Structures are given as structure tokens and as C-alpha cells.
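Below are the chains, spelled out letter by letter.
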Amino acid sequence: MSEAQNIYYEFWQETASRIKETLPEQEYHTWFNRIAYLKSDNHKVVLAVASQFILDTVIARYRDMIRNTMIELTGEEIDIVFEVVSRSKIEQIQQPSKEPKEAPKETTAFALQAKPQVSEEKTLKMKKDCNLNPSYEFHTFVIGDNSAFAYNASLAIAKNPGVSYNPCLIYGGVGLGKTHLLNSIGNYIINNTPELKVMYVTAEMFTNEFIESIGSQRTQQFKNKFRKVDVLLIDDIHFLQGKDSTQEELFHTFNNLYESKKQMVFTCDRPISELKNITDRLSSRFERGLNVDLQPPNYETRMAILKKKLVERGGSMSEEILNYIATNVCTNVRDLESSLTKLIAYSELLGQEISFDKAKELLGILPSLAANSNQTLSIDTIIKVVGEYFNVSSFEIKGKKKNKSLIQPRQIAMFLARDITEYSTTEIGTEFGGRDHTTVMHAHDRIESLMKGDESFANTIVKLKRDLTNGKR
Ligand SMILES: Nc1ncnc2c1ncn2[C@@H]1O[C@H](COP(=O)(O)OP(=O)(O)OP(=O)(O)O)[C@@H](O)[C@H]1O
């Protein structure tokens, strides 16, 4: 191996060890133990992986990270290229005893270019032209149980637009990553298949442009613009509720693109069945294809997100503070981010690391914290929200009357109080006009069993729960 090869091999080792410091240990071992240095040539480093699946994942999640670290270390523009080789070859490369302190010999395995030859500047311009946010990429998205399905579906679409899962709808509450995934699809396609025409718009932008085109008598231009794309990404389609003409226009755009097998992905803040004032024919189009949801992240995922965001911003913070944020900010990722931003800004302004007590004090006044802790969600609020939904008063829900129209809302409110908050059944019973805790337990079991047998009833409960936990109250 030439001297130049050896240098790049060392750069690769340093790159891997730097990345190791930024990733959770298990994630690093899962992916980076499956990558091996193969060769280098003229500002190009070739890495080997053992299967197409590993190749796809490594490219989607880590290619930019590897390349940026390499560029930082070498001070050169480096192209990272991957080759798929046999597992035994990888093991052989990674065996230091067989190849002491040497990079492996070159291989004849076929080369898979990690990135097409379009300059970074041009790629960035293309992304801007189609309204994409270039910082939303798959590798900056932290995958948890709450988002794995939506993430994998989005990645599959990005790899094969128009082929699998067309159309696709990603739905979920505020700040859970819908826009991030939608942009990741567009960015991935432009990175890897720049010849495809991608268009990202929010439903609001679509509506405004449509109205403007009517005013300026340029509706044909509007139609052409949206019907000539290969990939149409529309964010926040709940905005279209009650906007009949825009719905009509989107319906025709949809049919046009669908017939020509063009990819469409939409996002919405709720399942389609919960949208109001959307024509049946349009909602049936949205429901066609794949519908995937994003749920609030669990504690482990919240910690992983915080750590990743911290590294991205080059900040540092004690584990105790991160744990405090992850424990208390339970609703969505945007709230997690804003808590972190607040603490980082404070620490930067003062030029010193923030103490745990100071962090607590600062976060204590964040509305997101106050509003989002389920313990602070009062039973009265739950009763009020359920009452509004079923058109009965809080007074009636708490009262003694046993009309059919009151029993079910009462039981639903008890179910939600038990499910969402930390209050004991005795405390809940007291809030419901001094009822016994066994009444609360019975209500919980009853609603749970109704949900199992009736999908539309279950959807209503899920919606109420989401509205309450997402702060729509
Ligand atoms: N799993 C995740 N990993 C990393 N960052 C995430 C994740 N989910 C969300 N985020 C970040 O949280 C912020 C809010 O996400 P995003 O805007 O995609 O949410 P949304 O679901 O579209 O919300 P809204 O309905 O309010 O538009 C963004 O900065 C995004 O990058």
C-alpha cells in the first residue's frame, strides 16, 4: 500500500473514532463495525460494507457525517464511495493480525457511487428552488419506536419514488417530525436522483398560489407547475379543511400525478377520518396508499434526540440536566429542542456551563413544561374538553344524573384521567363528584373494551387524548 493510502487509512480511523464519541454506543457498533476501509484514490475514499441493506442505511444516515469529518481532518474535498463486498472480506479487512497496521489491498468488487457528480452548491440551489429545508435529512432524524414505521416508509419512498407506497400520508401531533421526514424525502431524492423534479409546499402555500393564479388569470400555469413534477410533497393538509375550490384543484392534481405514477406524500396533524369539511372524494385519495403515524417519543428516544441535537450545536450539558429535560418535556420534539436552545443560549451568553439548579429554574418558566406535564393536566380540564366534544357541561359530567347521553362522556373522561395523568383512582373519583374508586376502574375497563370492538369509537378516544396531551385545550 502506498504512503498516501496509509494516510487516508489513518484519517478513516480517526473519523470513525470521532463519530464514535457522538453516537450512542449501540448505534455505533451496529453500523460502524460493519464498515471497513478498502482503498483510496485521488481525493476519494472507498469504504466496504457487507450488504446492500447496510449500504443503504449507511448512506442515508452516516455518509454526510463521515464525509464532513474526513473533510475536516484532511482539509480536502473528499468523496466517500461505498462498495458491497462479502462478509468474509470485511472480516478479513478488519482482522489486524492478518493485515497489521495496513489498509487492505484493493478489491475488484463493483463500485457504488455514494453521491452522483453534482456539485454541492448546485444541489443546495436545487433544494432551495423546490422549497426544501436542506438541514432536514434522514441522518439528522433520531429513530425511536414512535417513529420507526414512518421513518422506514419515508426512506423506502425516497429510494424508489413512485414505486412503493404511493401516495403516502404521514400524520401525527404538532412538533413530532412530519415536516422533517417530508423534507428528508425530498433532500434524499435530490442528493441521489437529481434528475427528478421535486416540489415541496405547505398546503397553505398551495392554497395561496392557487388563489393568486385565479386573481392573475394564470390558473393554467399553476396547473402545469404542479402537474409536471415527479415528486409532490404537501405539508399540513389539514389546512385545506373548508377550502372547497383548493380541494377541487388538488383533487385533479392528485389524479393527474397518480395516473402518471408520480410520487405524492402528504402530512396531516390527525388521521384523515378526523378531518372536517374535506370532500369524500379527496379524503379517499389521501387514504389510498400508505398511512403512517408519528407518536410522541418515549424517554429513551427523548434522551437520544437531546444528545444528538447537543452534538449538532456543539454544546455541552450535564447528563443530569438532559435527564431532567427528557423526564419533564414529554410532548414533542419541538418542545425538547426549545428547552435545549434556551439552556444553550443562556450558557453561551454567560460563557459558562449551566448548573442543574439554574437549568431547573430556567425551564420551570417555560410554558411548554408547565403545559405539557401530564401531572399538571387537571382533571377539570379533561372533563371540560370531553364535555365540549359531547356537548354536555362539566357540571353534568360530575353530577349524579344517569342519562345515557351523560354516562358515556363521564366514563370517557374518567378513562382519560386515569390514562393520561398520574392521579390515583381515588383522587379521580373525588373530582368526579365524590365517586368511589371502583367506579373509575369500572369506567376504565368499559371504555377499553368498547375501544377494542369499535374502531371509530377508538379513534374518537385517541383524538381526545391527542388533543389533551398536545396542549390543544
Ligand atoms: N425524531 C426526530 N429526530 C430529530 N429531530 C426531530 C425529530 N422529530 C422532530 N424533530 C425536530 O423537531 C422540530 C419539529 O419537527 P417538525 O417541524 O418536523 O414537526 P411537525 O410534526 O411537522 O410539526 P407541525 O405539525 O407543528 O408542523 C424540527 O426541528 C425537527 O428537526
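Residues numbered from 1 in each chain as written. Predicted model: local features only at pLDDT ≥ 70, side-chain atom pairs only at ≥ 80, totals over all residues.

Draft legend 1. Geometry of the overall build of the chain. Of the regular secondary structure elements, the chain holds 22 helices and nine strands. Taken over 473 residues, the chain has a buried fraction of 35%. (Helix = DSSP H or I, 4+ residues; strand = E, 2+ residues; numbered from the N terminus. Buried ≥ 20, exposed ≤ 12 C-beta atoms within 10 Å, placed from the backbone.)

Draft legend 2. Expanded view of unusual backbone geometry. That bond from Asn-166 to Pro-167 is cis: its omega, -5°, falls within 30 degrees of zero. In the Ramachandran plot, Lys-261 falls in the positive-phi region, its phi being about 55° despite a non-glycine side chain. The residue Lys-261 is located in the loop between α10 (244-259) and β8 (263-268) in this model.

Draft legend 3. Molecular detail of the site of the ligand. Near the ligand there are 17 residues, and of these Gly-177, Lys-178, Thr-179, His-180 and Val-333 occur at the shortest range. Among the secondary structure elements, those contributing two or more residues to the shell around the ligand are α7 (178-192) and α14 (333-350). For the shell around the ligand, the per-class residue count stands at seven nonpolar, six polar and four charged. (Near = placed C-beta within 6 Å. Nonpolar A, V, L, I, M, F, W, Y, C, P; charged D, E, K, R; others polar.)

Draft legend 4. Broad picture of the environment of Ile-354. Looking at the element boundaries, Ile-354 is found in the loop between α14 and α15 (356-364). Here Ile-354 is in contact with Met-317, Ile-321, Leu-343, Tyr-346, Ser-347 and Ala-359, once residues within four sequence places are set aside. (Contact = placed C-beta atoms within 7 Å.)

Draft legend 5. Quick look at the packing of helix α8 (residues 203-215) against α10. It is the contact of α8 with α10, at a shortest axis distance of 10 Å, that shows an interaxial angle of 100°. Between α8 and α10, the crossing angle belongs to the class labelled roughly perpendicular. From α8, Phe-206, Thr-207 and Phe-210 reach across to α10, where they touch Thr-246, Glu-249 and Leu-250. Its residues assigned to classes, the contact of α8 with α10 comprises three nonpolar, two polar and one charged. (Axes fitted to C-alpha atoms, helices over the stretch in contact; angles between N-to-C directions. Parallel < 35°, antiparallel > 145°, perpendicular 65-115°, else oblique.)

Draft legend 6. Spatial organisation of the sheet that holds strand β7 (residues 231-235). Strands sit in the order β6-β7-β8-β5-β9 across an open sheet of five strands; the sheet is parallel. Here the strands that pair on one side only, and so sit at the sheet edges, are β6 (198-202) and β9 (290-294). Each strand axis lies, on average, 15° off the axis of its neighbour in the sheet, ignoring direction. In the sheet, β7 pairs with β8 via four bridges, with the strands oriented parallel. Across the sheet, Val-231 pairs through a bridge with Gln-263, a residue of β8. Contacts from α8 reach β6 and β7 within the one sheet, and its direction differs from that of β6 by about 90°. (Pairing = 2+ DSSP bridges.)

Draft legend 7. The arrangement of the UniProt feature "binding site: ATP" (unreviewed entry) in the chain in detail. Per the UniProt record, "binding site: ATP" (unreviewed entry) is found at Gly-175, Gly-177, Lys-178 and Thr-179. Looking at where Gly-175 falls in the secondary structure, it is placed in the loop between β5 (168-172) and α7. You can call Gly-175 buried: it has 20 C-beta atoms within 10 Å. Ignoring sequence-local partners within four residues, the contact set of Gly-175 consists of Asn-332, Val-333, Arg-334 and Asp-335. Checked against the element boundaries, Gly-177 lands in the loop between β5 and α7. Discounting residues that sit within four places of it in the chain, Gly-177 has contacts with Phe-141, Ser-147, Leu-294 and Val-333. (UniProt positions renumbered as here; feature names shortened; annotations may be inferred.)

Draft legend 8. Seen up close, the packing of α8 against helix α9 (residues 219-227). Running from N to C, α8 and α9 point in directions that differ by 145°, and their axes come no closer than 7 Å. Where α8 approaches α9, its residues Glu-209, Phe-210, Ser-213 and Ile-214 are matched on the opposing element by Thr-219, Gln-221 and Phe-222.

Draft legend 9. Examining the environment of Asp-56 more closely. Within the element layout of this structure, Asp-56 appears in helix α3 (residues 52-74). Asp-56 sits 26 residues away from Phe-82 along the chain, and the two C-alpha atoms are 9.9 Å apart.

Draft legend 10. Quick peek at the pairing of strand β3 (residues 79-84). Relative to β3, strand β2 (residues 44-49) is paired through six bridges, and the arrangement is parallel. If you follow Val-46 over to β3, its bridge partner there is Val-81. One crossover worth recording links β2 to the parallel β3 by way of α3, and it is right-handed. (Right-handed = clockwise from strand over helix to strand, strands pointing away.)

Draft legend 11. Spatial organisation of α10. Given a rise of 1.5 Å per residue, 16 residues ought to cover 22 Å, and the 23 Å separating the end C-alpha atoms of α10 matches this to within 8%. Of all the positions in α10, only Thr-246, Gln-247, Glu-249, Leu-250, Thr-253, Phe-254 and Leu-257 are classed as buried. For α10, the arc enclosing every buried residue in end-on projection is 160°, short of the 170-degree limit, so these residues lie on one face. Opposite the buried face of α10, at more than 90 degrees from it, the exposed residues are Asp-244, Ser-245, His-252 and Glu-259. Along its buried surface, α10 packs onto α8, α9, β7, β8 and α11 (280-287). Phi for Lys-261, located one or two positions after α10, is positive at around 55°. (Expected span 1.5 Å × (residues − 1). Arc of directions from axis to C-beta.)

Draft legend 12. Broad picture of the nonpolar core. Within the largest apolar cluster, 86 residues are counted, with the highest numbers of intra-cluster contacts made by Leu-47, Ile-170, Ile-185, Val-265 and Ile-325. Looking at which element gives the most residues to this core, the answer is α3, with seven residues. The residues contacting Ile-185, other than those within four sequence positions of it, are Ser-154, Ile-157, Ala-158, Leu-233 and Val-265. In terms of nonpolar packing, the next biggest core, distinct from the first, is built from 21 residues, Ile-397, Met-414, Leu-416 and Val-440 among them. (Core = buried A, V, L, I, M, F, W, Y, C linked by C-beta atoms within 7 Å.)

Draft legend 13. Inspection of the environment of Tyr-324 at higher detail. Within the fold, Tyr-324 resides in helix α13 (residues 319-328). Here the alpha-carbon distance between Tyr-324 and Lys-360, two residues 36 residues apart in the chain, equals 7.9 Å. Apart from the residues lying within four places of it in its own chain, the contact partners of Tyr-324 are Ala-359 and Lys-360.

Draft legend 14. View of the confidence of the model for the chain. Here the chain shows a mean pLDDT of 85. Residues at 70 or above account for 90%. Taken element by element, the predicted model of the chain shows its lowest mean pLDDT in strand β4 (residues 111-112) (33) and its highest in β7 (98). Across residues 96-116, confidence stays below pLDDT 50; counting only partners more than four residues off in sequence or on other chains, it has 35 contacts. The low-confidence segment residues 365-375 (pLDDT under 50) makes 24 contacts with residues lying over four places distant or belonging to another chain. Two summary scores accompany this predicted model of the complex, namely pTM at 0.61 and ipTM at 0.99. (pLDDT = per-residue confidence, 0-100.)

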